[in-house]
Protein chains: 2
Amino acid sequence: MKLTKAEWQIMNALWEEHPATAREVMDRLPTGVKWAYTTIKTMLTRLVEKKAVSETKQGNTSVYDPLVSQRKARISAFRSLLDQAFDGAMGPLVHFLVEEKQLTPRQQAELIELLQDETEGKGETK
Amino acid sequence: MKLTKAEWQIMNALWEEHPATAREVMDRLPTGVKWAYTTIKTMLTRLVEKKAVSETKQGNTSVYDPLVSQRKARISAFRSLLDQAFDGAMGPLVHFLVEEKQLTPRQQAELIELLQDETEGKGETK
DNA sequence: AGTATTTTACTACATCTGTAGAAGGCGCCC
DNA sequence: GGGCGCCTTCTACAGATGTAGTAAAATACT
């Protein structure tokens, strides 16, 4: 389930709260994204065709729901990046993350904390 | 510098060893990718237009060199993924990595260690 | 009811992507 | 000096993407 950049915007708005109408989606787009109402409709229609969201009529108006979970979409996007840009392996990515400290010290600290929290309880290290 | 999937294939081959001719690139594509020679040429031409690679004539034949480093390309791709799919923040990504067990415990430990090393040296030149 | 507003279904259209075929030029072989 | 194989430049073309405009139908407002 490959989503394009624009589709991610829409999906992000949908995941945030759903079901939602086209107008609601529109209102929840990141400030800065200024699409015509019909553009949103077009996107939603295409997403429906792709089976990424469902459309249900509520009287005359359509309400949409994600059919693809954010989790699945993330996994898919992540895998693509890995395959395309990091030889399909975690190793190079981890290396990259650290080497290219794209992270502020603050982010690094946060990351460490998160990792430690997550690892905790995750059970016996082999 | 946004690269498409197909372009990544070409660039990966080029980064592997360069300068290289179109035919060399072709030979170094992942087994399974079976493009016509002219397809590769077209890609390379487009990459030249995009200023992602340079083209130099060697007699009648063109030899290509990356103008964009793999590092830069990776940073860009990584940032895009982050922005699109992870709210632009490392937090959600790390959470995802751990949750989805995309990281082996070993890699988690590694990441923590590397991050700690980085953080320690941050104020002082180590 | 008559008007204003919203929503929908269609259509449009320029770019970008993936994939390549055609035709012409150059060096080498016999 | 005609062919063979390789390289080049041009052109093509369908499908995906980004971004909307129009017109007509449904709903709401006064």
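The structure displayed is predicted, hence computed values, not measured ones.

Enquirer: An account of the overall build of chain A is needed here, citing residue identities and associated values.
Expert: When helices and strands are counted, chain A shows six helices and three strands. N-terminal to C-terminal, the α/β element order of chain A is α-β-α-α-β-β-α-α-α. Classification of the 126 residues of chain A by burial places 38% in the buried group.

Enquirer: Hey, could you go over the pattern of salt bridges for me, with residue numbers and the actual values?
Expert: Counted according to the given criterion, the structure contains four salt bridges over all chains. Close ionic contact of Glu7(A) with Lys50(A) constitutes a salt bridge, the shortest N to O distance being 2.8 Å. One end of the pair, Glu7(A), is in helix α1 (residues 5–16); the other, Lys50(A), is in the loop between α3 (37–49) and β2 (53–58), and 43 residues separate them in sequence. The partner of Arg74(A) in a salt bridge is Asp87(B), with the nearest N and O atoms 3.6 Å apart. With one member in each of two chains, Arg74(A) in helix α4 (residues 70–85) and Asp87(B) in the loop between α4 (70–85) and α5 (90–99) form a pair that bridges those chains.

Enquirer: Kindly report on the protein's contact with DNA strand C, identifying the contributing residues and their values.
Expert: In the vicinity of DNA strand C there are 19 residues, among which Arg23(A), Tyr37(A), Ser62(A), Thr4(B) and Thr42(B) approach most closely. Separating a phosphate oxygen of DNA strand C from a side-chain N or O atom of Trp35(B) is a distance of 3.0 Å. One of the side-chain N or O atoms of Thr42(B) is found 2.7 Å from a base nitrogen in DNA strand C. Contributions of two or more residues to the surface near DNA strand C are made by α3 and β3 (61–66) of chain A together with α1 (5–16) and α3 (37–49) of chain B. It is α3(B) that provides the largest number of residues to the surface near DNA strand C, a total of five residues.

Enquirer: Which residues make up the sheet that holds strand β3 (residues 61–66) of chain B, and what are the values?
Expert: Residue and element names in this part refer to chain B. If you trace the three strands from one edge of the open sheet to the other, you get β1-β3-β2, paired in antiparallel fashion. For this open sheet the edge positions go to β1 (20–21) and β2 (53–58), each flanked by a neighbour on one side alone. Bridge count between β1 and β3: two bridges; the pairing is antiparallel. Following the sheet pairing, Thr21 is matched in β3 by Val63. Strands in contact with α1 are β1, β2 and β3; relative to β3, the strand with the most contacts, it is inclined by about 90 degrees. Helix-sheet contacts for α3 involve β2 and β3, and the interaxial angle to β2 is about 115 degrees.

Enquirer: So what's going on with the nonpolar core? Which residues, and what values?
Expert: Residues Phe78(A), Leu93(A), Phe78(B) and Leu93(B) are the most contacted members of the largest nonpolar core, which totals 67 residues. Every residue in contact with Phe78(B), bar those within four places of it in the chain, is listed here: Leu81(A), Leu93(A), Phe96(A), Leu97(A), Met90(B) and Leu93(B).

Enquirer: Outline the pairing of β2(A), listing residues and values.
Expert: Residue and element names in this part refer to chain A. When β2 meets β3, the two strands line up antiparallel, connected through six bridges. By the bridge assignment for β3, Gln58 is matched with Thr61. Two successive antiparallel strands, β2 and β3, enclose a turn made up of two residues, where Gly59 displays a positive phi of approximately 70 degrees.

Conventions and cut-offs
- Residues numbered from 1 in each chain as written.
- Chains lettered and ligands numbered in written order.
- Predicted model: local features only at pLDDT ≥ 70, side-chain atom pairs only at ≥ 80, totals over all residues.
- Heavy atoms only, no water.
- Helix = DSSP H or I, 4+ residues; strand = E, 2+ residues; numbered from the N terminus.
- Buried < 20%, exposed > 50% of the residue type's maximum accessible area, 1.4 Å probe, protein only.
- Salt bridge = Lys/Arg side-chain N within 4 Å of Asp/Glu carboxyl O.
- Near = heavy atom within 4 Å.
- Polar contact = N/O pair within 3.5 Å; in protein donor to acceptor, adjacent residues only side chain to side chain.
- Pairing = 2+ DSSP bridges.
- Contact = heavy atoms within 4.5 Å.
- Axes fitted to C-alpha atoms, helices over the stretch in contact; angles between N-to-C directions.
- Core = buried A, V, L, I, M, F, W, Y, C linked by side-chain atoms within 4.5 Å.

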